[in-house]
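Residues per chain are reported as follows:
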Amino acid sequence: MNTDWDAIVIGSGLGGLTAAAYLAALGKKTLVLEQHYVAGGNAHVFRRMKKFEFDVGVHYVGDCNPGGTLPTILKGLGVDDRVEWLPLDPDGFDTLHFPGIEFKVPANWDLYRQRLVETFPDDETGIHRFLDILHAVIRESGKVRLPVEPADLPRLMEEAPNFLAWALRPLSQLFDECALGTRVRAVLAAECGDYALPPSKTPVVLHGGVIAGYMKGAYYPKGGGQVIPAALVAALRANGGELRTRARVERITIEDGMVSGVCLEGGETLRAPIVVSNADLKRTMLDMVGPEHLSPATTEKIDSYRMALPIFVVYLGLDIDLRERMPNTNYWCYTSFDLEKLYAEASGGQVPEDNFLFISVGSVKDPETETIAPKGYTSLEIMSLVPAGYAAWSVDEGPARGERYHRNRDYRSTKDELAERLIDEAEKVIPGLREHIVWKEAATPVTHERYTLSTGGTSYGIELATDQFGPNRPSPKTEIPGLYLAGASTVFGHGISGVMRGGILTAGAIVGRDLLGEAHSGTIFGNPAKLGPPPGDPWEASR
Ligand SMILES: Cc1cc2nc3c(=O)[nH]c(=O)nc-3n(C[C@H](O)[C@H](O)[C@H](O)COP(=O)(O)OP(=O)(O)OC[C@H]3O[C@@H](n4cnc5c(N)ncnc54)[C@H](O)[C@@H]3O)c2cc1C
């Protein structure tokens, strides 16, 4: 094994893999170290019973239309043809259920507006005002570079007045400004699980960005989530890079104040002048680097960041086929209109009494890929936001610090009870679901911590609340020369498009180029001729 690299990337989440593939394509000898046995982080899949494949963290993605950010990032590496984006139903990619309301969210601003007004005629004036402002904030965001410099203010007051007025204020204030009623507020914010924040903490521009992305279409990658890491691993390898799985980094080594490489669990050391960490922000800076190498202000700042809430997931294999029996949609199911209450309960360490469900059916989104579920069967996931604290799950130290929790009876019963509760709720939109279950398992935040080593088991990094947004998030470059960050806790945030954008930004920060801009202009980096044929099995190709 070569011990001298130009760049080492810790973690093979999509942020890390994107940075790594671009660095390799730019001629840097790049090594990716992943502690799990397959690459992808939250974008990896797992299989059960030789019948079902389950997605961990790829259920739908926006901005995947031709020329969109993700196809462009993949195209820049010559691997865009390895990920085919299948659209969810444009007439209702999300279906929202509230007491007495079913609302299909279309991928079209005008139709969205029309349906909102039809459903909430008493709120018509407020709905128009809300959507006009939201739309303007997103339109004007292209004219703004953060942080806003005082000298740029006169221009921005002319060109981006709505952005300046609203972008970083909480969504709840915009609801108040538009005098919207309780029920329409809940419907407008129902997809808040995509960023795990209540309206009182959500920056208007974050909500607008997520909705605007999906208004251009919501997509699922044909072949399941693993095709994305597999494409990036192919680009990495084609350009001389390597992926090593089952390789957990314990320390980032610093010599004379500069990064010199990493030390793996077991003691092996590898040298590189550039280290990119796609691992959890707090563990990277406070454990792998250590406060002794950081300024007190940085240590305090990293320590004080709040992590986003984690997700609880139930994975089900069914012996009925939901293809053609249900629309190609995600279900968001609420039993209350009070979103603030459920977030307050989860943040306070309690599983919310009136929690929501998010249901994604992979075999409906991609009906032809039989590895997801063969004909006659269904693979689906039910998700919900839950508290992060170990106390809520009856564990003490967590698996990242070596705690074994599988046989812990309190842990198991908490997990089983919640799984059953979510299945009961899911039956309201998929009647008869329970009697067709042939595979069932659940993942808690503790499970997520075990597989990704994230603080609190979140996949969303540090919370994207108004006070931890934009310039208040870590940039790719750290105060230690040679150490960079990529992934959910950095400026572009979490989600598949957030971390892939962030990953290319990190590679660009290392080489001092606007790589996304260049990719948008049609540049292909590296040597796609060396890619070889697409893999038969993306999972095998990611190991
Ligand atoms: C249930 C669920 C549903 C989701 N649904 C969607 C969705 O529909 N659409 C969407 O856009 N997003 C979704 N997400 C969010 C999205 O998947 C994540 O935000 C994103 O994948 C995170 O990418 P990342 O680059 O931050 O890296 P991560 O995925 O967090 O990966 C980090 C990697 O680093 C590795 N690592 C950590 N520490 C070490 C170490 N010391 N040594 C070596 N390796 C290490 C981990 O094993 C992991 O592989 C979902 C997430 C979850 C959990």
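Check the entry above for the structure.
Procedures and definitions
- Residues numbered from 1 in each chain as written.
- Predicted model: local features only at pLDDT ≥ 70, side-chain atom pairs only at ≥ 80, totals over all residues.
- Heavy atoms only, no water.
- Patch = residues over 30% accessible without salt bridge, like charges linked within 9 Å, V, L, I, M, F, W, Y side chains within 5 Å.
- Areas by Shrake-Rupley, 256 points an atom, 1.4 Å probe, with all protein chains shown as cover.
- Salt bridge = Lys/Arg side-chain N within 4 Å of Asp/Glu carboxyl O.
- Helix = DSSP H or I, 4+ residues; strand = E, 2+ residues; numbered from the N terminus.
- Disulfide = S-S within 2.5 Å.
- Buried < 20%, exposed > 50% of the residue type's maximum accessible area, 1.4 Å probe, protein only.
- Axes fitted to C-alpha atoms, helices over the stretch in contact; angles between N-to-C directions.
- Left-handed = near helix turned anticlockwise from the far one by under 90°.
- Contact = heavy atoms within 4.5 Å.
- Nonpolar A, V, L, I, M, F, W, Y, C, P; charged D, E, K, R; others polar.
- Core = buried A, V, L, I, M, F, W, Y, C linked by side-chain atoms within 4.5 Å.
- Near = heavy atom within 4 Å.
- Polar contact = N/O pair within 3.5 Å; in protein donor to acceptor, adjacent residues only side chain to side chain.
- Domains from an automatic or database assignment.
- Pairing = 2+ DSSP bridges.

**Structural notes on a nonpolar patch on the surface**
Taken together, the side chains of Leu-153, Met-157 and Leu-164 make up a nonpolar region of the molecular surface, amounting to roughly 250 Å² of accessible area. Within the secondary structure, Met-157 sits in helix α5 (residues 153-159).

**Focus on the state of the cysteines**
Counted according to the given criterion, the structure contains zero disulfides. A disulfide-free cysteine, Cys-178 has its sulfur positioned 18 Å from the sulfur of Cys-192, the nearest such atom. Here Cys-192 is not disulfide-linked; the sulfur of Cys-333 is the nearest cysteine sulfur, at 13 Å. Overall, Cys-192 belongs to the buried group, its relative accessible area being 1%.

**Some remarks on the packing of helix α11 (residues 281-289) against helix α12 (residues 296-304)**
How two helices sit against one another is set out by the angle between their axes and by the gap between those axes. Put simply, α11 and α12 touch, their axes get as near as 10 Å, and they point 145 degrees apart. The hand of the α11/α12 crossing is left-handed. Touching Leu-281, Lys-282, Met-285 and Leu-286 of α11 are Thr-298, Thr-299, Ile-302, Asp-303 and Ser-304, all from α12. Tallied by class, the residues present in the contact of α11 with α12 amount to four nonpolar, three polar and two charged.

**Section: the nonpolar core**
Ranked by size, the top nonpolar core spans 76 residues in total, and within it Phe-98, Tyr-112, Leu-116, Phe-130 and Tyr-334 carry the most contacts. In terms of residue count, the dominant contributor to this core is helix α9 (residues 204-215) (seven residues). Setting aside anything within four residues of it in sequence, one finds Tyr-334 in contact with His-97, Phe-98, Pro-99, Ala-190, Cys-192, Leu-339, Leu-342 and Phe-356. If you look at the next biggest cluster of nonpolar residues, it comprises 50 residues, including Ala-43, Ala-234, Val-276 and Ala-519.

**Overview of the site of the ligand**
Near the ligand you find 36 residues, and of these Glu-34, Gln-35, Asn-42, Ser-459 and Ile-496 are the closest. Between the ligand and the protein, one listed contact pairs an oxygen atom with a side-chain N or O atom of Gln-35 at 2.8 Å. For the ligand, an oxygen atom lies 2.9 Å from a polar atom in the backbone of His-59. Those elements that place two or more of their residues in the shell around the ligand are α1 (14-25), β14 (311-318), α16 (445-452) and α17 (495-511). Its residues assigned to classes, the shell around the ligand shows 18 nonpolar, 16 polar and two charged. When residues of the shell around the ligand are assigned to domains, at least three fall in each of domain 1 (7-44 + 223-305 + 464-542) and domain 3 (309-456).

**Here we look at the sheet that holds strand β19 (residues 483-485)**
One open sheet accounts for five strands, arranged β9-β2-β1-β13-β19; its pairing is parallel. Looking at the sheet topology across the chains shown, the edges are occupied by β9 (242-244) and β19. Averaged over all pairs of adjacent strands, the angle between strand axes in this sheet comes to 20 degrees, irrespective of strand direction. Summarising the sheet, strand β13 (residues 274-277) and β19 pair through three bridges and their orientation is parallel.

Purely spatial values, then, with no claim about function.
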